[in-house]
Amino acid sequence: MMKMKTLAVVLLAVVLLSLLTSGYGYLKNVQLLLTGDLEADTPVTVHFEYEKDLIIVRANIGGESGLFLLDTAAFDSKIERSFAQSLNLSPLTTKKVTTAQGVDGEVSVTQIPELRLGQAKFTKTSAGILTFGDSSATQCIAPQGLIGANLMSRGYWKIDYQAQTLAISEHPLAIPDNATKIDFKHPTLSAVPAIQLKIAGLEVGGVLFDTGFNGGLVLPRNLADRFDADVAMNIVDQSTSGIFGTNQDEIVVKELDVEIGASTATIPVEFSSLDKALLGNDVLEHFDVYLDYQQDAIYLTQRTEVEVDSPRSFVVGITDNNEWVVNRALTSHPFKLGERIRTINGKKPNDLYSDFCDYFRNLDRLLGNDTLTLETTKGEIIEIKQ
């Protein structure tokens, strides 16, 4: 009996220790998320590069400069591991994260004493320490990480896509009289904004306002049948990349009327089996965007007519052995995801690209043609019209 009792006590102690440890990690993450300040008494203007329809800013941390993706839908900021190590930023806790591609990962969390965007100074902001996945395209344009909602929520922001500038202030920015206000909701411990849109006359909520997404509008697949429009495309996909890489998806595309700000536009809406709901830069770039995290409000002033490109129907990736691999195709195409292709238009990957990032930046070298002539590994010749 004594041995059984001792064993029970030991097991109870292990369980309690586990609960205390996990509880400490949670409380530490909460503490880190809730800290941070901005010093920008007057509005600071910061230039950004608009690469692959993503907002890339240059930030300074500890005297070192790096390129970061501005991502309103990221729970918190991320800093690439080797860059963090060069700055002697130590891990303080860990947490699990899930990307819009449904890929899970665990990251250590640190605190950045000071991060500067131009003359705007953010102090004591938390950031996950990130190791990019091998197939992550983010590392090609923002190798040092991303600016997330926990940092952005410390101030007021204007995104001017036309001038490629950000305005950042610790005080409210002047909102134009013709701006349309959109209220947003967010989780208790996150400033990630989720909005409601009217699509083909139906209200759809929980759509993330996502400057870290270079597409248009994506909704969960289970909503597709609520809209009577014909299916424009049926796609199988593993080409869309986040910080940890890609995930397999099944996409239905329908052309629908979407109310955005004060305007209505007919755009291709993607319905994803990964159950994500995102409004990205292919739509947002037609507006000046004002973010007010104190009032949980977004203001839009339209600058250009909303036009959204139809998604690509066919995309290939590159392999280590100099072959193409099918990453996206219509269900009507004679290919499966992962199928290898020997040449496209007579070219192998090494004929066009020096490495993965060259491929990511310059995909149109390959897919810019209306017709692609593919040679399979079995020697078959197949033509694909785009």
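Look above for the structure.
This report concerns the structure included in the present document. (Residues numbered from 1 in each chain as written. Predicted model: local features only at pLDDT ≥ 70, side-chain atom pairs only at ≥ 80, totals over all residues. Heavy atoms only, no water.)

1. Observations regarding the sheet that holds strand 13 (residues 180-183)
Here is step 1: If you trace the six strands from one edge of the open sheet to the other, you get 2-12-11-23-24-13, paired in antiparallel fashion. For this open sheet the edge positions go to strand 2 (44-47) and strand 13, each flanked by a neighbour on one side alone. Taken over all neighbouring pairs, the strand axes of this sheet differ in orientation by 20° on average, direction set aside.
Here is step 2: Here strand 23 (residues 287-292) pairs with strand 24 (residues 297-302) via six bridges, running antiparallel. Paired with F287 across the bridge in strand 24 is Q302. (Pairing = 2+ DSSP bridges. Helix = DSSP H or I, 4+ residues; strand = E, 2+ residues; numbered from the N terminus. Axes fitted to C-alpha atoms, helices over the stretch in contact; angles between N-to-C directions.)

2. Overview of the environment of I344
Here is step 1: With respect to the element layout, I344 can be found in strand 27 (residues 340-344).
Here is step 2: Sequence spacing of I344 and T376 is 32 residues, and the spatial spacing of their C-alpha atoms is 9.0 Å.
Here is step 3: If we ignore the near neighbours within four places in the chain, the residues touching I344 are V316, W324, L366, L372, T373 and L374. (Contact = heavy atoms within 4.5 Å.)

3. Things to note about the packing of aromatic side chains
Here is step 1: For the structure on display, the rule yields eleven aromatic pairs.
Here is step 2: A ring pair is formed by F122 and W157, whose centres lie 6.1 Å apart and whose planes are at 15°; its orientation type is stacked. Residue F122 is located in strand 9 (residues 120-130), and its partner W157 is located in strand 11 (residues 156-160); the two are separated by 35 residues in the primary sequence.
Here is step 3: Classification of W157 as buried rests on a relative accessible area of 1%.
Here is step 4: Ring centres of F356 and Y359 lie 5.9 Å apart, and the angle between their planes is 40°; on these two criteria the pair is classed as tilted. Taken together, the residues F356 and Y359, both in helix 7 (residues 356-361) and three residues apart, mark about one turn of the helix.
Here is step 5: By relative accessible area, which is 8% here, Y359 ends up buried. (Phe/Tyr/Trp six-rings, centres within 6.5 Å; stacked < 30°, edge-to-face > 60°. Buried < 20%, exposed > 50% of the residue type's maximum accessible area, 1.4 Å probe, protein only.)

Any functional reading would require information beyond the geometric quantities listed.
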